[in-house]
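# Descriptive structure summary
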Amino acid sequence: MTEKRQFRAIKGTRDILPPDSALWNWFERTAREVFETYGFRDIRLPVFEETALFARSIGADTDVVSKEMYTFEDREQFRVAHPLSVVDVILIDEAVAEAWQHGRIPRTPANEAEVLRLHEACRNIEREGIPAVLRFLDSVRNLALGDSLTLRPEATASVARAYIEHGMHTLPGNVKLYYVGPMFRRERPQKGRYRQFYQVGAEVLGQSDAPGIDAEILEMLVVLFDRVGLAKTTLFVNSIGCRECRPKYVELLRQELLKVKDHLGTDSQRRIETNPLRVLDSKLPEEQPVIEKLPRIADHLCGACRQHFAELKDELELRGIAYQENWRLVRGLDYYTRTTFEVTAEGLGSQNAVCGGGRYDGLVELLGGPPTKGIGFAIGTDRAILSLQEGPNQPKLPGLAVFIAWMGTKAYPTAVAIARKLRACGLAVEIPPEETKFKKALGLADKLGARYALIIGEDEVASGTYTLKRLADAEQKKLNESDLLEYLESERRGSGA
RNA sequence: GUGAGCGUAGCUCAGCUGGUAGAGCAUCGGUCUGUGGCACCGAGGGUCGUGGGUUCAAAUCCCAUCGCUCACCCCA
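Residues numbered from 1 in each chain as written. Chains lettered and ligands numbered in written order. Predicted model: local features only at pLDDT ≥ 70, side-chain atom pairs only at ≥ 80, totals over all residues. Heavy atoms only, no water.

### Some thoughts on the sheet that holds strand S10 (residues 353-359)
Strand order across the open sheet formed by eight strands is S1-S5-S6-S11-S10-S9-S7-S8, with mixed pairing between neighbours. Each edge of the open sheet is held by one strand with a lone partner, namely strand S1 (41-42) and strand S8 (324-325). Of the strand pairs in this sheet, strand S7 (residues 234-239) and strand S9 (residues 337-344) are connected by six bridges, and their pairing is antiparallel. Counterpart to Leu235 in the pairing with S9 is Val343. Contacting strand S5 (175-184), strand S6 (196-206), S7, S9, S10 and strand S11 (373-380), helix H9 (residues 211-228) runs over the sheet at an angle of about 15° to S11. On top of the sheet, helix H16 (residues 381-390) reaches S6, S10 and S11; it is set at about 45° to S11, its chief contact. (Pairing = 2+ DSSP bridges. Helix = DSSP H or I, 4+ residues; strand = E, 2+ residues; numbered from the N terminus. Contact = heavy atoms within 4.5 Å. Axes fitted to C-alpha atoms, helices over the stretch in contact; angles between N-to-C directions.)

### Examining helix H1 (residues 20-37)
Here H1 is 18 residues long and its end C-alpha atoms lie 26 Å apart, about the 26 Å a rise of 1.5 Å per residue gives. Turning to H1, its buried residues number three or more, namely Leu23, Trp24, Trp26, Phe27, Glu28, Thr30, Ala31, Val34 and Phe35. The elements touched by buried residues of H1 are S5, S6, H9, S11 and H16. At the C-terminal side of H1, Gly39 shows a positive phi close to 85°. (Expected span 1.5 Å × (residues − 1). Buried < 20%, exposed > 50% of the residue type's maximum accessible area, 1.4 Å probe, protein only.)

### Observations regarding the protein's contact with RNA strand B
By nearness alone, 45 residues border RNA strand B, and Arg271, Arg278, Lys439, Glu460 and Leu471 come closest of all. Of what RNA strand B places within 4 Å of the protein, 49% of the atoms are sugar or phosphate. Here a base nitrogen of RNA strand B and a backbone polar atom of Leu471 are 2.2 Å apart. Note that a base nitrogen of RNA strand B is positioned 2.9 Å from one of the side-chain N or O atoms of Gln476. With seven residues, the single largest contributor to the surface near RNA strand B is helix H18 (residues 438-447). Residues of the surface near RNA strand B, tallied by class, amount to eleven nonpolar, ten polar and 24 charged. (Near = heavy atom within 4 Å. Polar contact = N/O pair within 3.5 Å; in protein donor to acceptor, adjacent residues only side chain to side chain. Nonpolar A, V, L, I, M, F, W, Y, C, P; charged D, E, K, R; others polar.)

Here you go:
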């Protein structure tokens, strides 16, 4: 008897089914097309990396790293079967001893204690019997043999790692890369937030931090959102300064917050110590008057940052990009400097950001690479799709073009041959694998949303002309094979399919 | 991690204060053996999330558990 329980997608993951998957593909394809027109090229990255990469880049103190990552140990040795005899145990014991000697077991204090315990258990097997064997097996299992790996919670760190690893700083000009794929974060799911979620993002890495780079990236975003028809998006920009001026501002902010501490809620009071910038993000209505009076970072930027931000805004004007300056827009990740930005859209519930990004001039160096400037963004695909589906601009995506209704053993070979030719023209064609009455076939064609039904019976085969019926208005015409191919191919181009 | 709401057919849901399951849509078949959408008729499909308790009797009341959803924390 097989088990009756049903398998289900695990919490925070989901299946994207047709027809939704078509919308997803179209969105990602459009992003690729737009990005490529801006000179970006695809980078395919692993979905997991050394845990330390994320800890270093995102910041070990952030929630993302401290409690929201899918981290696992990459074990590869001592996945031993249960020992069948005392001899087996002794053999395993010897193998462990040798591995320890040669450093194949990482020499951590925990492992050292485990190895000692394991040897002790082995020695006592004759005297104690089963309990010692169980202790022994426990210790074998507890050995932490592999590297700590983590499913990527975001991709910027991976891009930076790849940039360094492949010496991309020697490439001519700025390195412009985009990526598309899943990310993983172990959070409580809610609207627009999943444990496996998808992003499309882009990064520019190189020697220059010219505001024109920032502006171009924002232009590219606006163009993309416009092209996919995302409704009611708003671009917010801010500058959060650099390593020079930001710490001074944060300290000033902390001092000011302490003065008004009594007017803040418990969450914000806690943030005064943990991350004062986040207080600015608070949505609590009663805190708003207090927050409005707090010092603003724009007034405390160093000369260079102030100029950079001013030039960015000039560049945005120049490009005719609508934006709102939002002094309360801060980023949670440690590596951001200067320019930060976010795009919000409608229909998303409380998680209304579809895109976030910013400049991270110190990141590559932090990861051991050469001094490098960088800026990038990530679009939350789940949210973009959600907003698209709730918005007014539903793209019409081409579906099935032709359903071939055939009857009679003489018609079948002709139908199969024509199906292949139509498909070779790029048309989506469905052909029933077994004889189906025209009535039923037409009904199916209709339900599948086909634009045309091609009717092939004994008569058509005999005359060499086939009946093409347009399902929308029931108009029929008789065409020979070459006219048919020509007609449908021009129809395909016309429908943009 | 915290809080709230909800779990009845593939989907959306009804089933009032307990009397052992129903509708619409969808699917399949028929009316209609070379032509779809409409209409009519019919069929299949549920151990009412799971386990326990109260009761003569539980989808309904109680407890537990699992799951889903939304919000908070945090963040894209």
